[in-house]
Amino acid sequence: MTDVVDPTLEDSDLDRFVHGRYLLRKKFFRVFGDDFSIFDEEDRLAFYCRLKALRLREDIRVFADRAQTRELLAIKARTVLDFGTTYDVTDSVSGEPVGSLRRKGFKSMMRDEWAILGAEGQEMGTIREDSLGKAIARRIIGDISFFMPQAYHATIGEVEVATFRQRFNPLIAKIDFDFSMDHGLLLDRRLGVAAGLLLGAIEGRQD
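Cut-offs and rules
- Residues numbered from 1 in each chain as written.
- Predicted model: local features only at pLDDT ≥ 70, side-chain atom pairs only at ≥ 80, totals over all residues.
- Heavy atoms only, no water.
- Helix = DSSP H or I, 4+ residues; strand = E, 2+ residues; numbered from the N terminus.
- Buried < 20%, exposed > 50% of the residue type's maximum accessible area, 1.4 Å probe, protein only.
- Contact = heavy atoms within 4.5 Å.
- Pairing = 2+ DSSP bridges.
- Polar contact = N/O pair within 3.5 Å; in protein donor to acceptor, adjacent residues only side chain to side chain.
- Core = buried A, V, L, I, M, F, W, Y, C linked by side-chain atoms within 4.5 Å.
- Salt bridge = Lys/Arg side-chain N within 4 Å of Asp/Glu carboxyl O.
- Expected span 1.5 Å × (residues − 1).

1. A short note on the environment of Phe177
Inference 1: Positionally, Phe177 belongs in strand E12 (residues 174–178).
Inference 2: Note on Phe177: relative accessible area 1%, which makes it buried.
Inference 3: Separated by 20 residues in sequence, Phe177 and Leu197 place their C-alpha atoms 9.6 Å apart.
Inference 4: Those residues in contact with Phe177, other than ones at most four positions away along the chain, are Gly20, Arg21, Tyr22, Leu24, Ile38, Thr163, Phe164, Val193, Gly196 and Leu197.

Spelled out as structure tokens, the structure:
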């Protein structure tokens, strides 16, 4: 996927969430905070997010464009400086709650794990790092963990609905989002995109 082309999408903003696959790219050499661009299957910019550094409480806004003129999603942490907090996802256009993502802090010390919550707060599924053995190995080798890119599997009940896979790249962080196996649309794609962004932003800080 290309990283330089940024055409204006002719589709409605809702159409940005219908794709089966996306690529997240984290901007290289950004000193203050993080800069994420998410491209769709047609290599078009679908979502953009800029995170400020040193925030005590995460308040992440996802936009349709790099000029940040059209906000699509809001992702807000419920608590301050809590490695096991819950992130509530809201549709910024309609104002409706989409769902939540709760990082299982103690479990994630050895192997990253998140709970997927519905709009009413009910737990629906889980996002887990690929294997305990690989997860422990990544934490042992530390700064050279890029030799073992992370992979996450999201399930609703017993059904796999998404994967999030880092690409092997020691310089530029890239993550592939794949929702193509979710034929029953069990996972709201807005919540799925928010999950992939959080994995790139929150879990990425451990590297």
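2. Some details on unusual backbone geometry
Inference 1: Here Gln68, not a glycine, exhibits a phi torsion of approximately 60°, which is positive.
Inference 2: Here Gln68 is to be found in the loop between strand E4 (59–63) and strand E5 (71–77).
Inference 3: Even without glycine at this site, Leu185 takes up a positive phi of about 50°.
Inference 4: Its place among the elements puts Leu185 in the loop between E12 and helix H2 (189–201).

3. Here we look at the pairing of strand E2 (residues 34–39)
Taken residue by residue, a regular strand's side chains alternate between the two faces of the sheet.
Inference 1: Counting buried positions along E2 gives six out of six residues, so the element sits mostly inside the fold.
Inference 2: Two strands pair when backbone bridges link them, and E2 and strand E3 (residues 45–51) are joined in this way by six bridges, in the antiparallel orientation. Bridge pairing links Asp34 to Leu51 in E3.
Inference 3: Linking two consecutive strands that pair antiparallel, namely E2 and E3, is a turn of five residues; a positive phi of about 65° is found at Asp43 within it.

4. Digging into the side chain of Asp35
Inference 1: You can see Asp35 is positioned in strand E2.
Inference 2: Note on Asp35: relative accessible area 6%, which makes it buried.
Inference 3: At 2.6 Å, the side chain of Asp35 and the side chain of Tyr48 are in polar contact.

5. Examining the nonpolar core
Inference 1: Membership of the largest hydrophobic core comes to 42 residues, with the highest contact counts inside it found for Phe47, Ile75, Leu101, Ile127 and Phe164.
Inference 2: Sort the elements by how many residues they give to this core and H2 lands first, with eight residues.
Inference 3: Not counting the four nearest positions on each side in its chain, Ile75 is found in contact with Glu58, Asp59, Ile60, Val62, Tyr87, Asp88, Val89, Ala194, Leu197 and Leu198.

6. Regarding the pattern of salt bridges
Inference 1: All chains considered together, the criterion is met by 18 salt bridges.
Inference 2: Salt-bridge contacts for Asp112 lead to Arg103; the nearest nitrogen and oxygen are separated by 3.8 Å. For the pair shown, Asp112 and Arg103 are each scored as buried.
Inference 3: Across the salt bridge formed by Asp188 and Arg190, the nearest N and O atoms sit 2.8 Å from each other.
Inference 4: The class of Asp188 is partly exposed, set by a relative accessible area of 29%.

7. Let's talk about H2
Inference 1: A rise of 1.5 Å per residue sets the reference length of H2, with its 13 residues, at 18 Å; its end C-alpha atoms lie 18 Å apart and thus fit the reference within 8%.
Inference 2: Among the 13 residues in H2, 13 count as buried, and that is most of the element.

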